[in-house]
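The lines below spell out each chain.
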Amino acid sequence: MMELYIFDRDLNFQGIIENFFSLRWVRRYSKCGEFELHCGLTPATLSLLRIGNVVWKNDDQEAGIIEYRNISLNAQKEEVLVAKGRFATSLLGRRIIWGTEIINNTVEIAIRTLVNNHAVNPTNPDRAIPKLQLGNIKGFTQLVDMQVSYANLLEEIEALTQTHELGIRTLFNPTVKTFTFDLYEGLDRTITQTANAPAIFAQEYENVLEQEYSESINNYRNIALVGGIGEGVERELITVGSGMGQDRFEVFVDQRNLSNETDDGTPIPQEEYQAMLAQKGLEVLAESKEIQTFDSKINIGANLIYKQDFDLGDLVTCLNRRWGITIDTRITEIEEVYETNGKSINVTFGNSVPTLIDKIKQVVR
């Protein structure tokens, strides 16, 4: 069983937990990850696993922050302590975009600007998140034209990363006691490219223990009509996406609150304003893709080595010849499970079915 290192909210080392019943460590590509730890109740675990403390395993770049704690007595008269939380990227969810941000730049600069202005170096020093810093610029070139006011900072960033297929993570450095917000992009390891060694997941290679395939168009939309300011025939409208006949799935995105003026009353050029509306439409379409998902339990002792031959965010090839399915898809989630009988890895390839909360956020957006 691995060791878990515990730090307080100021990132000072507090102790080690060696014995626990189970640990779920869920890494996500364009969203914040989460964890859940079950262990026996002892004076040590009670002291270490406090709300706000940081949990880190030294084979990972990210750390979790405890947001929930539960103590219970089970049928076997064992006292069990459960600690749950999300990775340190969740700190951004504690901030809103205070005021209005208008950004016409690359998606990387846009996200870094939002994090810097509302979490790292905000005008109000009370809003700064201690120990948080920005990582190096990677040079991603996707462009955005956006205007956003008072939205949750993390939710806005997740919408941008999902739209442009980028990954987010907050790297933990216990030596210098810092959290570093980082954008990244997974490698292309599909069977058709030649730059990287391909990663192919199939039962015939004995690297898949269990496999489940799902496809759905229940939430699919490929045409967004975005409505901005104005009423009736005077309303500003923009259309994004493509599709025709039965293959056309439409959605209306109400952005009447998206102003065509800056905070000081300066008019925004119409072309720029329309680009902002188009960005909102693209974000909704990115959250409304056709679902095509392979959920697989991976054989970690097979030909592909986790974090060496494949990792979160990589584009890989999944196939099942008996089902007649071959897809090139991104690894969007990896769940590591540690129990007394060993370790297992569950991998999600592709975009998952949206939850009710996801759908509510789409409506609000």
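Residues numbered from 1 in each chain as written. Predicted model: local features only at pLDDT ≥ 70, side-chain atom pairs only at ≥ 80, totals over all residues. Heavy atoms only, no water.

### Things to note about the sheet that holds strand β17 (residues 250–254)
Read from one edge of the open sheet, three strands run β16-β15-β17, paired in mixed fashion. Either end of the sheet is taken by a strand with one partner, and the two such strands are β16 (237–241) and β17. Between one strand axis and the next, the sheet turns by 20° as a mean value, whatever way the strands run. Most of the contacts of helix α4 (residues 270–286) go to β16, to which it runs at about 40°, and overall it touches β15 (223–227), β16 and β17. (Pairing = 2+ DSSP bridges. Helix = DSSP H or I, 4+ residues; strand = E, 2+ residues; numbered from the N terminus. Axes fitted to C-alpha atoms, helices over the stretch in contact; angles between N-to-C directions. Contact = heavy atoms within 4.5 Å.)

### A few points about the pairing of strand β1 (residues 4–7)
Residues of β1 alternate between two faces, with L4 and I6 on one and Y5 and F7 on the opposite face, all of them buried. When β1 meets strand β2 (residues 13–17), the two strands line up antiparallel, connected through four bridges. Among the inter-strand pairings, Y5 is bridged to a residue of β2, identified as I16. In the sheet, β1 pairs with strand β5 (residues 54–56) via three bridges, with the strands oriented antiparallel. For I6, the partnering residue across the bridge sits in β5 and is V55. (Buried < 20%, exposed > 50% of the residue type's maximum accessible area, 1.4 Å probe, protein only.)

### Thoughts on the packing of aromatic side chains
One pass over the structure, following the stated rule, counts 16 aromatic pairs. Relative to F13, the ring of F7 lies with its centre 5.6 Å away and its plane at 65°, an arrangement referred to as edge-to-face. On the basis of relative accessible area, F7 is assigned to the buried category, the value being 4%. Relative to F310, the ring of Y306 lies with its centre 5.6 Å away and its plane at 35°, an arrangement referred to as tilted. (Phe/Tyr/Trp six-rings, centres within 6.5 Å; stacked < 30°, edge-to-face > 60°.)

### Some thoughts on the packing of helix α3 (residues 153–164) against α4
When two helices pack together, their arrangement is given by the angle between their axes and by how far apart the axes lie. In the contact formed by α3 and α4, the axes pass within 9 Å of each other and the chain directions differ by 75°. As summarised for this structure, α3 and α4 are arranged roughly perpendicular, according to the angle between their axes. Within the contact between the two elements, α3 uses E156, A159, L160, Q162, T163 and H164 and α4 uses Q279, K280, L282, E283 and A286. A per-class count over the contact of α3 with α4 returns four nonpolar, four polar and three charged. (Parallel < 35°, antiparallel > 145°, perpendicular 65-115°, else oblique. Nonpolar A, V, L, I, M, F, W, Y, C, P; charged D, E, K, R; others polar.)

### Side note on the pairing of strand β11 (residues 167–173)
For β11, a buried count of five out of seven residues is recorded, marking the element as mostly surrounded by other parts of the structure. Note: β11 against strand β12 (residues 178–184), seven bridges, orientation antiparallel. Within β12, the position partnered with R169 by the bridge is D182. The loop that links β11 with its antiparallel partner β12 comprises four residues; one of these, K177, has a positive phi angle of about 60°.

### Some thoughts on the pattern of salt bridges
Inspection of the entire model under this criterion finds 23 salt bridges. Measuring nitrogen to oxygen at the nearest pair gives 2.9 Å for the salt bridge that ties D314 to R189. Remark: R189 occurs in the loop between β12 and β13 (200–201) and D314 occurs in the loop between β18 (291–298) and β19 (315–320); sequence separation between them is 125 residues. The exposure classification of D314 matches that of R189, with both residues buried. Put simply, R27, K57, D59, D60, K307, D311 and E336 are held in one network by salt bridges that share partners. (Salt bridge = Lys/Arg side-chain N within 4 Å of Asp/Glu carboxyl O.)

### Structural notes on the nonpolar core
F20, L49, L92 and F181 are the most contacted members of the largest nonpolar core, which has 55 residues in total. For this core, the element with the most residues is helix α2 (residues 107–120), which contributes seven residues. Formed by 21 residues, the second largest nonpolar core is a distinct cluster that contains F294, L312, V316 and I331. (Core = buried A, V, L, I, M, F, W, Y, C linked by side-chain atoms within 4.5 Å.)

### So, unusual backbone geometry
Located in the positive-phi region is K131, a residue other than glycine, with phi close to 75°. Classification of K131 by relative accessible area gives partly exposed; the value is 36%. Phi is positive for E165, close to 55°, though the residue is something other than glycine. Here E165 lies in the loop between α3 and β11. Its relative accessible area of 34% is what places E165 among the partly exposed residues.

### Examining α3
With twelve residues, α3 should cover 16 Å at 1.5 Å per step; its first-to-last C-alpha distance of 17 Å lies within 8% of that length. Judged by how many residues are buried, α3 sits mostly within the fold: ten of twelve residues are covered. If you check which residues of α3 are buried, you get L153, L154, E156, I157, E158, A159, L160, T161, T163 and H164. Of the surrounding secondary structure, the elements contacted by the buried residues of α3 are β7 (79–87), α2, β10 (143–149), β11, β12 and α4. A distance of 3.1 Å separates the backbone nitrogen of L154 from a side-chain oxygen at the start of α3, and that oxygen is part of N152. At the C-terminal side of α3, E165 shows a positive phi close to 55°. (Expected span 1.5 Å × (residues − 1). Polar contact = N/O pair within 3.5 Å; in protein donor to acceptor, adjacent residues only side chain to side chain.)

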